[in-house]
Amino acid sequence: MRDLTKGNEAKQIVYFAIPMLLGNLLQTLYNTVDSIWVGKGVGEKGLAAVTVSFPIMFMLISLIMGITMGSSIVISQYFGAKDYENVTKSINTTLYFLLISSIVVTVLGIAVSKPILILINTSKDILNEANNYLVIMFLGIIFMFGYNGVTAILRGLGDSKTPLYFLLIATIINIILDPIFIFAFKLGVVGAAVATVIAQAVSFIFSINYINRKHELFKIKLSKIKEADKDLLKKIIKIGIPMGIQQTLVSLAMVFLNSIINLFGVDAMAAYGAAGRIDSFMSMPIMSLSAAVSSFTGQNLGANKKDRVVKGFRATLVIAVGISILIAMLAIIFSSQLISIFNTKREVIDYGIGYLKIVGMFYFTFAIMFIVSGVIRGSGDTMVPMLTTLIGLWGVRVPLAQYLSKKIGIEGVWWSIGIGWVIGSTLNYIYYKTGRWEKKVVIKKPAKI
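Bear in mind the structure is a predicted one, so any value in this text is a computation, not a measurement.

**Q** Give me unusual backbone geometry: which residues, what numbers.
**A** One non-glycine residue, Lys186, adopts positive backbone phi at about 55 degrees. For Lys186, a relative accessible area of 72% translates into the label exposed. Despite not being glycine, Asn304 has its phi angle at roughly 60 degrees, a positive value.

Rendered as structure tokens:
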């Protein structure tokens, strides 16, 4: 565990972010390995099937994952206030919520996956493969929720290192199992899903075993999970619902963009999948810093140290923008080589190059948007980031993508992504400057320091 209320602000945030960055890179590598094996072994149709499936799964789990992020904020503020009794109650309540939610999402996901695939113009050539991939992934959703729940709890407590070890285990297992299930067992896209679920299950089991043996503040026991605190659950949901809605809005926008890209054919969707995986790597440092500054904000506001929050925010913003500019240069310069890792078909590469060159120019606005929203979320004010996401995505990106794709082709979709980030970052920063987010702290009593 790390106490983020003392020491140099920038160093605390960066040190906390590094394990999360490594973890996020592993998570992205974990997903990218699937895409590489499928893209090389099954071809552009297999890659397109995995690409079109992901936003649907994300859409159906995003509300729950957003609420899980809310629990991390509550835990971090109680931990900063040294209220360990409510820390433990918040942990048990979070796990109870995730257990029930996993059952609901599994049933719902299996029932609606194919109808949604049809609704978003999925090519008949990949429809069955995409649906089979989703069914397997939803059957293993309890392990995904379990791992992400444990990760959110540990980050709220200031521990960003331990989740990295569990994710490393999952990544190694996935890398080993992918070629076995895809090629040796000849399961194709389904084999990638089976390998992923097995890897997540093993990682989750390891995490439970480790925490029950080593962790100071809590042990995972079914009898304790049943003792969920209703008042704390309401508080977690109140903070988490806007974050969940925000995640859902993002995933719905991804599904809508997929429906537009599907109209340009399988090659375009395969390119979008490859470029999106690369994009995920590029965005990892920014998202890690955003999560770190959120935990930093939560602990320091819980300890009544608002001045440290402002100093930490300014330092993190400078670092994030600098990193984003460097990343954008690499993405643009090496765009062709990066896309060809996934698929060597000329049409796929050309579509992917267009994505990276256009979207890469806007990475610095993505950095601003995420760092500012990290501070706002850490205070417990999750409503405004949700509203700015609503405006940036559904007021700008989605209608602009639909309009520009008809005027200038698929590049119109790429431009809409960047312009949406510009609007989102501007709105977030304006709200940050008002200072209203400081009044949204969960902890109302002075911290005992």
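**Q** Explain the packing of helix 4 (residues 127-139) against helix 7 (residues 189-214) to me, and be specific about the residues and the numbers.
**A** Orientation of helix 4 relative to helix 7, taken along the N-to-C sense of each, is 15 degrees, at an axis distance of 9 Å. Considered as vectors, helix 4 and helix 7 are oriented roughly parallel to each other. Like other packed secondary-structure pairs, helix 4 and helix 7 cross with a definite hand, here right-handed. Along the contact surface, helix 4 presents Glu129, Asn132, Tyr133, Ile136 and Met137, while helix 7 presents Val189, Val190, Ala192, Ala193, Val194, Thr196 and Val197. Of the residues assigned to the contact of helix 4 with helix 7, the class counts are nine nonpolar, two polar and one charged.

**Q** Provide a residue-level description of the nonpolar core, including the pertinent values.
**A** Counting residues in each nonpolar core, the largest one holds 110 residues, and the members touching the most others are Tyr363 and Trp414. By residue number, the principal contributor to this core is helix 2 (residues 44-80), which donates 18 residues. Apart from the residues lying within four places of it in its own chain, the contact partners of Trp414 are Ile261, Tyr272, Tyr351, Gly354, Tyr355, Ile358 and Val359. Residues Ile173, Phe181, Val194 and Ala199 belong to the second largest nonpolar core, which totals seven residues.

**Q** An account of the pattern of salt bridges is requested, with residue identities and associated values reported.
**A** Applying the stated criterion across every chain yields a total of three salt bridges. The salt bridge partner of Asp267 is Lys345, with a shortest N-O separation of 3.2 Å. Taken together, the positions of Asp267 in helix 10 (residues 266-302) and Lys345 in the loop between helix 12 (335-340) and helix 13 (346-360) put the pair 78 residues apart, joining distant regions of the chain. By relative accessible area, which is 16% here, Asp267 ends up buried. In this structure Lys345 comes out as partly exposed when scored by relative accessible area, which is 30%.

Quick notes on the rules
Position labels on residues start from 1 in each chain and follow its written sequence. Where totals are concerned, whole chains, interfaces and linings use all residues; where local detail is concerned, this predicted model gives features only for residues with pLDDT of at least 70, and gives and counts side-chain atom pairs only at 80 or more. Hydrogens and water molecules were not included; the side-chain quantities draw on all heavy atoms of the structure. We call a residue buried when its accessible area falls under 20% of the maximum for its residue type, exposed when it is over 50%, and partly exposed in between, using a 1.4 Å probe and counting protein chains only. Only C-alpha atoms enter the line fits that serve as axes; for helices the fit covers just the stretch in contact. Angles between N-to-C directions range over 0 to 180 degrees. Only runs of H or I of at least four residues qualify as helices and only runs of E of at least two qualify as strands under DSSP, and these elements are numbered from the N terminus. Angles below 35 degrees are treated as roughly parallel, those above 145 as roughly antiparallel, those between 65 and 115 as roughly perpendicular, and all remaining angles as oblique. Helix crossings get a hand from a simple test, with the near helix turned counterclockwise from the far one by less than a right angle marking a left-handed crossing and a clockwise turn marking a right-handed one. Whether two residues are in contact is decided by their heavy atoms, any of which lying within 4.5 Å being enough. For this classification, the nonpolar set comprises Ala, Val, Leu, Ile, Met, Phe, Trp, Tyr, Cys and Pro, the charged set comprises Asp, Glu, Lys and Arg, and every other residue, Gly included, is treated as polar. Remark: nonpolar core denotes a set of buried residues (Ala, Val, Leu, Ile, Met, Phe, Trp, Tyr, Cys) joined through side-chain atoms within 4.5 Å. A pairing counts as a salt bridge when a side-chain nitrogen of Lys or Arg comes within 4 Å of a carboxyl oxygen of Asp or Glu.

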